[in-house]
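Architecture at a glance
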Amino acid sequence: TGTAEISSEDDTPEQKAARFARVLASDILIYNKDLIAEARIDGNLSEVMNQEIQKSYDLWKSRFPEESESNPDIFSEALNQYLADGEKVFRSQDYS
């Protein structure tokens, strides 16, 4: 019987881009947990975290330029999953 192996070698570039976006979003959450919680309550999460998110987006885009052009929602979906607890707060068009 087969077991799922965690192997990044066989992943598509899109899967790798999504994984890296989740890592970046997770790191933002880990290092800014209290600030993010407060901003979510205040309803200004994207404004408060904009500088940190832009740095992470720039790094993600530099590693995955093709995916950032063809499927920019990969990054915003990771942000929504980790920082906004699943809410649709972040949109791909918010980043350049």
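In this text the structure is predicted, and so the values were computed from the model without any measurement. (Residues numbered from 1 in each chain as written. Predicted model: local features only at pLDDT ≥ 70, side-chain atom pairs only at ≥ 80, totals over all residues. Heavy atoms only, no water.)

1. Structural notes on the packing of helix α1 (residues 13-31) against helix α6 (residues 73-82)
- Between α1 and α6, the least distance of the axes is 8 Å, while the angle of their chain directions is 40°. Handedness of the α1/α6 crossing: right-handed. In this structure, α1 contributes Glu14, Ala17, Ala18, Ala21, Arg22, Leu24, Ala25, Ser26, Ile28 and Leu29 to the contact, and α6 contributes Ile74, Phe75, Ala78, Leu79, Gln81 and Tyr82. (Axes fitted to C-alpha atoms, helices over the stretch in contact; angles between N-to-C directions. Helix = DSSP H or I, 4+ residues; strand = E, 2+ residues; numbered from the N terminus. Left-handed = near helix turned anticlockwise from the far one by under 90°. Contact = heavy atoms within 4.5 Å.)

2. Quick look at the packing of aromatic side chains
- Per the counting criterion, the structure on display carries four aromatic pairs.
- Here the aromatic rings of phenylalanine 20 and phenylalanine 64 are separated by 6.1 Å at their centres, their planes lie at 50°, and the arrangement is tilted. On the criterion of sequence distance, the pair formed by phenylalanine 20 in helix α1 and phenylalanine 64 in the loop between α4 (50-63) and α5 (65-70) is long-range, its members being 44 residues apart. With respect to class, phenylalanine 20 is no different from phenylalanine 64; both count as buried.
- Three or more aromatic residues joined by ring pairs make a cluster, and in this case those are Tyr57, Trp60 and Phe75. (Phe/Tyr/Trp six-rings, centres within 6.5 Å; stacked < 30°, edge-to-face > 60°. Buried < 20%, exposed > 50% of the residue type's maximum accessible area, 1.4 Å probe, protein only.)

3. Regarding the nonpolar core
- The biggest cluster of nonpolar side chains holds 23 residues, and the ones touching the most others in it are Leu45, Ile53, Trp60, Phe75, Leu79, Leu83 and Phe90.
- Looking at this core, the elements with two or more residues in it are α1, α2 (33-42), α4 and α6.
- Leave out the neighbours within four places in its chain, and tryptophan 60 touches Ala17, Phe20, Ala21, Leu24, Glu67, Ser68, Asn71, Pro72, Ile74 and Phe75. (Core = buried A, V, L, I, M, F, W, Y, C linked by side-chain atoms within 4.5 Å.)

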